[in-house]
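Structural description and commentary
Letter by letter, the chains look like this.
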There are 2 protein chains.
Amino acid sequence: MVLEVADIHVTDREGFIVAYRSAVEVLRTCPGCRSVRMTAGVESPEKFTLLVEWDSVEAHLENFRATDRFTRWRAAIGPFFAEPPVVEHFTDVD
Amino acid sequence: MVLEVADIHVTDREGFIVAYRSAVEVLRTCPGCRSVRMTAGVESPEKFTLLVEWDSVEAHLENFRATDRFTRWRAAIGPFFAEPPVVEHFTDVD
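Residues numbered from 1 in each chain as written. Chains lettered and ligands numbered in written order. Predicted model: local features only at pLDDT ≥ 70, side-chain atom pairs only at ≥ 80, totals over all residues.

1. Brief notes about the overall build of chain A
Going by this rule: The helix and strand labels rest on DSSP assignments: H or I over at least four residues marks a helix, E over at least two residues marks a strand, and numbering proceeds from the N terminus. Throughout, radius of gyration means the C-alpha value; the globule benchmark is 2.2 Å times the number of residues raised to the power 0.38. Counting other C-beta atoms within 10 Å of its own, a residue is labelled buried from 20 upward, exposed at 12 or fewer, and partly exposed in the gap between, with every C-beta atom placed from the backbone.
When you go through chain A residue by residue, the secondary structure sums to three helices and four strands. Of the regular secondary structure in chain A, the N- to C-terminal order runs β-α-β-β-α-α-β. Against the globule reference of 12 Å for 94 residues, chain A gives a C-alpha radius of gyration of 13 Å, in line with a compact fold. Sorting the 94 residues of chain A into buried and exposed places 29% on the buried side.

2. Quick notes on the interface of chain B and chain A
Interface extent is often summarised as the accessible area lost during association of the parts. We apply this condition: Residue pairs qualify as contacts under a 7 Å threshold applied to their C-beta atoms, which are placed from the backbone. Three classes are used: nonpolar for Ala, Val, Leu, Ile, Met, Phe, Trp, Tyr, Cys and Pro, charged for Asp, Glu, Lys and Arg, and polar for all others, with Gly counted as polar. DSSP bridges decide pairing: two strands pair if at least two such bridges lie between them.
The partner chain A presents 21 residues to the 22 residues of chain B that form the contact. When contributions to the side of chain B that touches chain A are tallied by element, the ones reaching two or more residues are strand E1 (2-9), helix H1 (13-28), strand E2 (33-41), strand E3 (47-54) and strand E4 (86-93) of chain B. Sort the elements by how many residues they give to the side of chain B that touches chain A and E4 of chain B lands first, with six residues. Classifying every residue of the side of chain B that touches chain A gives 11 nonpolar, six polar and five charged. Relative to E2 of chain B, strand E4 (residues 86-93) of chain A is paired through four bridges, and the arrangement is antiparallel. Residue Asp92 of chain A lies in a different strand from E2 of chain B, and its bridge partner there is Thr39 of chain B.

3. Notes on the sheet that holds E4 of chain A
Our working rule: Each axis is a line fitted through C-alpha atoms, taken for helices only over the stretch in contact, and angles between the N-to-C directions span 0 to 180 degrees.
If you trace the eight strands once around the closed barrel, you get E1(A)-E3(A)-E2(A)-E4(B)-E1(B)-E3(B)-E2(B)-E4(A), paired in antiparallel fashion. Looking at each pair of strands side by side, their axes are set apart by 35 degrees on average, direction ignored. Where E1 of chain B lies against E4 of chain B, five bridges are found, and the strand directions are antiparallel. Counted as the bridge partner of Ala6 of chain B is Val87 of chain B from E4 of chain B. Contacts from helix H1 (residues 13-28) of chain A reach strand E2 (33-41) and strand E3 (47-54) of chain A together with E4 of chain B within the one sheet, and its direction differs from that of E2 of chain A by about 170 degrees. Sitting on the sheet, H1 of chain B touches E4 of chain A together with E2 and E3 of chain B, and the angle it makes with E2 of chain B is about 170 degrees.

4. Details of the packing of H1 of chain A against helix H3 (residues 68-77) of chain A
All names here are of chain A. For clarity, the cut-off: Roughly parallel here means an angle under 35 degrees, roughly antiparallel means over 145, roughly perpendicular means 65 to 115, and every remaining angle is called oblique.
Two elements in contact, H1 and H3, have axes separated by 8 Å at closest approach and are oriented at 170 degrees. Between H1 and H3, the crossing angle belongs to the class labelled roughly antiparallel. Facing H1, whose interface residues are Phe16, Ala19, Tyr20, Ser22, Ala23, Val26 and Leu27, H3 presents Arg69, Arg72, Trp73, Ala76 and Ile77. Split by residue class, the contact of H1 with H3 holds nine nonpolar, one polar and two charged.

5. Things to note about the relation of the copies chain B and chain A
The two chain copies are related to each other by a rotation about an axis together with a translation along it. Convention followed: Our superposition of the copies is a least-squares fit, built on the C-alpha atoms of residues whose pLDDT is at least 70 in both.
Between chain B and chain A, the superposition needs a rotation of 180 degrees and an axial shift of 0.0 Å, giving an RMSD of 0.0 Å. One copy is carried onto the other by what is essentially a two-fold rotation axis. Looking at the interface residues of chain B, 95% of them are also at the interface in chain A, so both copies use one shared face.

6. Considering the pairing of E2 of chain A
All names here are of chain A. As defined by bridge partners, E2 adjoins E3 across seven bridges and the pair is classed as antiparallel. Bridging across to E3, Thr39 finds its partner in Thr49. Taking the residues that link successive antiparallel strands as the turn, the E2-E3 hairpin has five residues.

7. Focus: the environment of Leu50 of chain B
Residue and element names in this part refer to chain B. Structurally, the position occupied by Leu50 is in strand E3. Between the C-alpha atom of Leu50 and that of Gly32, which follows or precedes it by 18 residues, the distance is 17 Å. Sequence-distant contacts of Leu50, that is, excluding residues within four places in its chain, are made with Ala6, Ile8 and Met38.

8. A short note on H1 of chain A
It helps to recall that an α-helix has 3.6 residues per turn; residues three or four apart then point in one direction. For clarity, the threshold we go by: Here the expected length of a helix is defined as 1.5 Å per residue gap, with one fewer gap than residues. Throughout, bend refers to the angle between the axes fitted to the seven residues that end at a position and the seven residues that start at it.
Taking 1.5 Å of rise per residue, the 16 residues of H1 of chain A would be expected to cover 22 Å, and the 21 Å separating its terminal C-alpha atoms lies within 8% of that figure. A maximum bend of about 45 degrees is found in H1 of chain A at Ser22 of chain A. Along H1 of chain A, the positions that sit buried rather than exposed are Phe16, Tyr20 and Leu27 of chain A. Buried residues along H1 of chain A sit in contact with E2, E3, helix H2 (57-65) and H3 of chain A together with E4 of chain B.

9. Considering the pairing of E1 of chain B
Successive residues of a regular strand alternate their side chains across the two faces of the sheet. Strand direction decides the pairing type here: E1 of chain B and E3 of chain B, joined by eight bridges, are antiparallel. Note that in E3 of chain B the partner of Glu4 of chain B across the bridge is Val52 of chain B.

Written out as structure tokens, the structure reads:
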């Protein structure tokens, strides 16, 4: 299992949240996706951290990023990005 | 409940993990701390993301950062920092 951590900066906090809610099912129901957690900045209202657990990096890239699911996801939330999100994968340290 | 997200860059991945394991109980047992999850970068081996759930921002700052617990925690892991970690708080978006 890997954890995707996406550092997202937006131009419109409330608009982004509405768009996220409208689109999250396409991510949550993707094969290989185990959980989705969107969190909103306390100190930085324009910042969000998205945490997604995947079976593997390949599950994320092949089942989501390389498919129409990603196109639909980005079409919904992309217009609210202030800059391209920084997306990386992490593994748990016991 | 708030989620602390710490973006940590280290000089020695294995040394940092050993130090983290030696010190994590002081964090995990802190009043107001609900969970601790350390994750290690896949694409960036020198990066870690620490996720800590707290009752509130105040619980983190008053029960941990302002106390000897934090001094002990930083004494253990601080020598492995390549730069000061970026630490922010987030709240869940339903």
